[in-house]
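One letter stands for each residue in the lines below.
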Amino acid sequence: MNVMAAVYEALSTNRALVSKLKGGKKGIYHLHGPDAGSYPVIVYSTLSDVPALHADNAEIERRVTIRIHIMTKDGQYSSLYADVQRIMRGIGFMRVQTNEIYDDGLRILVVDYRIGVDES
């Protein structure tokens, strides 16, 4: 399973979410979101990808944690967060933690999601 492709596909094809982002689908970035000057946008990246199960000297499952930043100017991210939650649960992820940060004039909700991926 290509986890990053699955996450992007799920986020970028959800009409409810995309309609709330500045620039629509172009408001979803991998790893780094350029300062486009208009918000809200979403930035997603891999936080960790670690072995979970081994058998017969082979990795048979791994745990992948994806970090999603919901970046806003005004802190109004509750509706976006609800959409992201629904989308990520729909593709098998469970939420690990949530954190609010303020950085360079942006109010950002950071959410980590984890999934187990079968390597067979």
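Positions within a chain are numbered from 1, following the residues in the order the chain's sequence is written. pLDDT decides what is reported in this predicted model: residues at 70 or higher carry local features, side-chain atom pairs at 80 or more are listed and counted, and totals for whole chains, interfaces and linings draw on all residues regardless. Values reported for side chains reflect all heavy atoms of the structure, with hydrogen atoms and water molecules removed beforehand.

Draft legend 1. Main features of the sheet that holds strand E3 (residues 58-72). Strand order in this open sheet of five strands is E1-E2-E3-E5-E4, and the pairing throughout is mixed. Of all strands in the sheet, those with a lone pairing partner are strand E1 (28-30) and strand E4 (94-103), marking the two edges. Across the sheet, the mean angle separating the axes of adjacent strands is 25 degrees when strand polarity is ignored. One bridge is not enough; two strands pair if DSSP finds at least two bridges between them. By the criteria applied, helices consist of DSSP H or I runs no shorter than four residues and strands consist of E runs no shorter than two, each listed in order from the N terminus. Think of each axis as a best-fit line through the C-alpha atoms, taken over the contacting stretch in the case of a helix, with angles from 0 to 180 degrees between the N-to-C directions.

Draft legend 2. Representation of unusual backbone geometry in the model. Looking along the chain, the bond that leaves Tyr-39 and enters Pro-40 is cis, with omega of 15 degrees. As for its placement among the helices and strands, Pro-40 is situated in the loop between E1 and strand E2 (41-55). The backbone phi angle of Asp-56 is positive, close to 50 degrees, even though this residue is not glycine. One can find Asp-56 in the loop between E2 and E3. You will see that Asp-104, though not glycine, has its phi angle at about 50 degrees, which is positive. Mapped onto the fold, Asp-104 is located in the loop between E4 and strand E5 (106-118). The buried label goes to any residue with under 20% of its type's maximum accessible area, the exposed label to any with over 50%, and the partly exposed label to all in between, with areas taken from a 1.4 Å probe on protein chains only. Residue class for Asp-104 comes out exposed when judged on its relative accessible area of 71%.

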